[in-house]
Structures are given as C-alpha cells and as structure tokens.
Amino acid sequence: MTSVLAIACSPAGARSASGTAGDLLLERLRARDPDIAVVRRDLGVTPPAFVDAGFAAAMLVTEGERTAGQTAALAESECLIAELEATDLLVLSTPMHNFTVPAVLKAWIDQVLRVERTFRRTPAGKVGGLRDRPTYVVVASGGRVIGDLARQPDFLTPYLTAVLATLGIRTVRFLHLEGLGADPAKAARVAAETRAWLDAQLPLPRPTALSDG
Ligand SMILES: Cc1cc2nc3c(=O)[nH]c(=O)nc-3n(C[C@H](O)[C@H](O)[C@H](O)COP(=O)(O)O)c2cc1C
C-alpha cells in the first residue's frame, strides 16, 4: 500500500485555493491507486511549535546522551520526522505569504530539517538523510510570481527546493496557481488549472480493454 502525507498550510481552511488543489491531487492519486493511505497534517489548523531555547540546545546533544527534558523538547520534531520518513509520497499545499512560505510551514521546516538527524554536515556541504520520494508542491499566490508576468520575487520555490533537497528529497514537481487575488472566477480557475496540470503530470491510465475470451 502506498502511503501519502498531505500537508496543508493555509489559514483559509476549506476555502483555501492551495488546499482545494491539493485535494484534487489526492483525488487523482486515489483514482490511480484506490489503496493509498493518506495521512493529513493541516499546519494552518495546528501549527507546529516555534523553536525555543530548549529545542535549540537539545538538538545539539547526541541521542543517547539527552536528558529526559531534552528528549521531551524534541518530541514534536521526532513525531513530524517520523511522519515524513514513513511516507512514500508527499503532497505539500501552501499559499505564498510575503514572497515565501507561510510562518506555519517555516515552523514545520525548523522541526524536521535537523542537523545530524535528517541531514549531515560534510566537507562538501549538507547531505540529506531521508530517501528520495515523489513530492508534489502546490503553491497559490495572489499575484504573478513566475516568468515574464511576475512583478514580485519568488523566494518560495528556490527555498522549498533547497529545503527538500537538504532532506534528501529531489523528485519534486511544483504547480503554481498564480494571480488568484482579484479573480472572481478563482475557484473555477483553480479546479481547471489543477486538472490540466494533473492530466500532464499524473495522467490516468487508459482503461484496459475488456477481454471477450
Ligand atoms: C499574509 C499574507 C501574505 C501574502 N503575501 C503574498 C505575496 O507575497 N505574494 C502574492 O502573490 N500573494 C500573497 N498573498 C495572497 C495569497 O498568496 C493568495 O491569496 C493565495 O491564493 C492564498 O492561498 P490559500 O487560499 O491556499 O490560502 C498573501 C496573503 C496573505 C494572507
């Protein structure tokens, strides 16, 4: 059975453009493989804790040498990392906030991208400790952020690409839903653009011809 971790990051809940697109992606994955097991984590509803002094100190102590307090300080991090380690496929849906990821997603990154846990420092740079796995990132933005029509910087795409690569995840595809801000037909456009993208990225297998034997 394929396990899928679906992470949503919008504060807009059910009205969220990125979340809606992420759900369409899950629908397509299910149509291809009805047996997938989906674990949902909605960071917009339940944000991870911000890193504090206890966490920053504990993460530098080797596992076997941590006190009970230090182990407790890393408990949420271990839980979120375990979720990531267990998944075969990752779906990350997020709005752009102020040119980059929302604070809740940055908090999640600080919990899971941990030195000597999910990546190692080497003379050649940081090396990811997780196995690669297919990852789909859906980004919703009010304005245009990609290509000639962009009138603002996009720090989100290169940043998330670097974060995922540092974890060891390099098979990443982005869907950008742009210019949603003032569009009265936003919901219809999100659905149409997502379905068109899915047709290109995750086409449904042709129905097998029925045997007349
Ligand atoms: C705090 C905040 C910051 C935002 N910053 C940007 C931005 O930098 N660039 C942009 O194009 N849109 C920005 N937006 C608009 C959202 O990206 C846009 O409304 C998006 O469709 C929201 O996706 P969601 O419905 O999945 O939350 C911002 C929205 C909020 C609430």
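Since we're looking at a predicted model, the values are computed, not measured. (Residues numbered from 1 in each chain as written. Predicted model: local features only at pLDDT ≥ 70, side-chain atom pairs only at ≥ 80, totals over all residues. Heavy atoms only, no water.)

With that settled, consider the pairing of strand β5 (residues 125-128). Where strand β4 (residues 119-122) and β5 come together, four bridges link them in antiparallel fashion. By the bridge assignment, phenylalanine 119 is partnered in β5 with glycine 128. Connecting β4 to the antiparallel partner β5 that follows it, the hairpin turn spans two residues. (Pairing = 2+ DSSP bridges. Helix = DSSP H or I, 4+ residues; strand = E, 2+ residues; numbered from the N terminus.)

Looking now at the nonpolar core. In terms of nonpolar packing, the biggest core is built from 27 residues, with Ile7, Leu84, Leu105, Trp108 and Leu160 touching the most fellow members. At the level of elements, β1 (3-8), α4 (75-86), β3 (89-95), α5 (103-112), β6 (135-140) and α6 (156-167) are the ones that each hand at least two residues to this core. When residues no more than four places from it in sequence are discounted, the contact partners of isoleucine 7 are Arg41, Leu43, Leu90, Val91, Leu92, Ser93 and Trp108. Judged by nonpolar contacts, the second largest core, of 22 residues, contains Leu26, Leu175, Leu177 and Ala191. (Core = buried A, V, L, I, M, F, W, Y, C linked by side-chain atoms within 4.5 Å. Buried < 20%, exposed > 50% of the residue type's maximum accessible area, 1.4 Å probe, protein only. Contact = heavy atoms within 4.5 Å.)

Another aspect to go through is the packing of α4 against α5. One way to put it is that α4 packs onto α5 with a least axis distance of 8 Å and a crossing angle of 90°. The orientation of α4 with respect to α5, classified from their angle, is roughly perpendicular. Residues Glu76, Ser77, Leu80, Ile81 and Leu84 of α4 form the contact with α5, whose own contacting residues are Trp108, Gln111 and Val112. Classifying every residue of the contact of α4 with α5 gives five nonpolar, two polar and one charged. (Axes fitted to C-alpha atoms, helices over the stretch in contact; angles between N-to-C directions. Parallel < 35°, antiparallel > 145°, perpendicular 65-115°, else oblique. Nonpolar A, V, L, I, M, F, W, Y, C, P; charged D, E, K, R; others polar.)

Around the ligand, the surrounding shell holds 15 residues, and the nearest of these are Ser10, Ala17, Ser18, Asn98 and Gly143. At 2.8 Å, a backbone N or O of methionine 96 approaches an oxygen atom of the ligand. Between glycine 143 and the ligand, the recorded distance is 2.7 Å, taken from a backbone N or O atom to an oxygen atom. Contact with the protein chains covers 71% of the free accessible surface of the ligand, which is 640 Å². Across the shell around the ligand, the residue classes tally to six nonpolar, nine polar and no charged. (Near = heavy atom within 4 Å. Polar contact = N/O pair within 3.5 Å; in protein donor to acceptor, adjacent residues only side chain to side chain. Areas by Shrake-Rupley, 256 points an atom, 1.4 Å probe, with all protein chains shown as cover.)

On their own, these measurements won't tell you what the molecule is for.
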